[in-house]
Amino acid sequence: PQDAVKLGIQNRAFRYGDAIFETFRCFGNQPFMLDLHYDRLMKAMATVGMETKLFPPLDVLEKKVESIINKNRYFGSSRIRLTVFRNDGGLYTPETNTCSYLIESTPIDEPNYSLNTKGLIAGIYTDMGKQPSIISPFKTGNSMLFVMAGTFKTTHNLTEVLITNTNGLIIEALASNLFWFKGNQLFTPAVSSGCVDGIMRQMVMKVAKLHNVQVVEVPGITNEAIREVDELFVTNSIQGIRWIVGIGESRFYNIKTRQLFQSFIQTIS
């Protein structure tokens, strides 16, 4: 139970954002693409200097995820958040690099991935940019940029918000990677731009290439250029593919996006 979890005020995730997390979807009690999420988690832990040798191996972690789903009786679809945080001790400088972890599960109403019938209305958050760095490909506890962007989304009655990097280029969405069609080419910001190295991003690129769609990775896209694309969509592991219908006065189609979504469903079926 949530109220049984006791985290002290010395917890480094609370004090310094000294944490890494992964979110992934489960169908029944089976985690989807857990091996890829686990690999990204190990890379993130190693990058920030967290000790990985005591962390559960993939097969043990999978059994723990299955166990919490069974206990909660989430037999449709569910969302798992796995948070890894460095153990207590020290100020900015840690006294230890050993870690603890927390697994949470919540139900998802829709049993399978589906493409949104009503397109998202997006805005562009420009007050603060994301710095490309050795940790920018990962999901970390340092999330104030995304909190501020989420507040911007709510304030402006949007259903999606796009994030820029410190070069002023749009690189991702609030909790998703970004793609767009221009002509017959599919574009997405490169990981070097500062966007998260998304698992669903990897899957969508793979599916596109399997169906002979040329995928081009770019440094990002300007506020002006994004309004001239043909189609625009975002991806993440929880919601799959979601298309954006508008930014300001600009409107976009979803013909190729729908075809790509159908190819994705065929691939994972």
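As a starting point, this report considers the structure included with it. (Residues numbered from 1 in each chain as written. Predicted model: local features only at pLDDT ≥ 70, side-chain atom pairs only at ≥ 80, totals over all residues. Heavy atoms only, no water.)

### Description of the overall build of the chain
Along its length, the chain carries six helices and 13 strands. The proportion of buried residues among the 269 residues of the chain is 48%. Sequence-distant contacts, at least 24 apart, represent 68% of the contacts inside the chain between residues at least 6 apart. With the model as given, the accessible surface of the chain reaches about 13500 Å², and the carbon-plus-sulfur share is 53%. On the chain, the mean spot of the 27 positive side-chain charges and the mean spot of the 24 negative ones are 2 Å from each other. (Helix = DSSP H or I, 4+ residues; strand = E, 2+ residues; numbered from the N terminus. Buried < 20%, exposed > 50% of the residue type's maximum accessible area, 1.4 Å probe, protein only. Contact = heavy atoms within 4.5 Å. Areas by Shrake-Rupley, 256 points an atom, 1.4 Å probe, with all protein chains shown as cover. Lys, Arg positive; Asp, Glu negative; His and termini not counted. Charge placed at Lys NZ, Arg CZ, Asp CG, Glu CD.)

### Topic: the sheet that holds strand S2 (residues 30-31)
Sheet architecture is open: four strands sit in the order S2-S1-S3-S4, paired in antiparallel fashion. If you trace the sheet from one side to the other, it starts and ends with S2 and strand S4 (99-108), each paired once. Of the pairings in the sheet, the one linking strand S1 (residues 19-27) to strand S3 (residues 77-86) comprises nine bridges and is antiparallel in character. When the sheet's bridge partners are listed, Phe 21 is paired in S3 with Thr 83. Packing against the sheet, helix H2 (residues 34-47) makes contact with S1, S2, S3 and S4, and its axis sits at approximately 180° to S1. Its contacts with the sheet put helix H3 (residues 58-72) on S1, S2, S3 and S4, and the angle it makes with S4 is roughly 45°. (Pairing = 2+ DSSP bridges. Axes fitted to C-alpha atoms, helices over the stretch in contact; angles between N-to-C directions.)

### A word on unusual backbone geometry
A positive phi is found at Met 33, a non-glycine position, where the angle reads about 60°. The residue Met 33 is located in the loop between S2 and H2 in this model. On the basis of relative accessibility, which here comes to 9%, the residue Met 33 falls in the buried class. With a phi angle near 60°, Asn 212 is a residue other than glycine that sits in the positive phi range. With respect to the secondary-structure elements, Asn 212 resides in the loop between helix H5 (199-210) and strand S10 (214-218). Classification of Asn 212 as exposed rests on a relative accessible area of 74%.

### Some thoughts on the packing of aromatic side chains
All chains considered together, the criterion is met by eleven aromatic pairs. For the ring pair Tyr 38 and Phe 55, a centre distance of 6.3 Å and an interplane angle of 40° mean the geometry is tilted. On the criterion of sequence distance, the pair formed by Tyr 38 in helix H2 and Phe 55 in the loop between H2 and H3 is long-range, its members being 17 residues apart. Of the two residues examined, Tyr 38 and Phe 55, each falls in the buried class. Here a set of aromatic residues connected by ring pairs shows up, and it is made of Phe 27, Phe 32, Tyr 113 and Phe 264. The ring centre of Tyr 113 lies 4.8 Å from the NZ or CZ of Arg 25, which sits over that ring. Here the guanidinium or amino end of Arg 81 rests over the ring plane of Phe 21, the centre of that ring lying 3.9 Å away. (Phe/Tyr/Trp six-rings, centres within 6.5 Å; stacked < 30°, edge-to-face > 60°. Lys NZ or Arg CZ within 6 Å of the ring centre and 35° of its normal.)

### Quick word on the packing of H2 against H3
Contact geometry of H2 with H3 gives a least axis separation of 11 Å together with a crossing angle of 115°. With respect to the hand of their crossing, H2 and H3 are arranged in right-handed fashion. Counted together, Leu 34, Asp 35 and Tyr 38 of H2 and Leu 58, Leu 61 and Glu 62 of H3 form the full contact between these two elements. Residue composition of the contact of H2 with H3, by class: four nonpolar, no polar and two charged. (Left-handed = near helix turned anticlockwise from the far one by under 90°. Nonpolar A, V, L, I, M, F, W, Y, C, P; charged D, E, K, R; others polar.)

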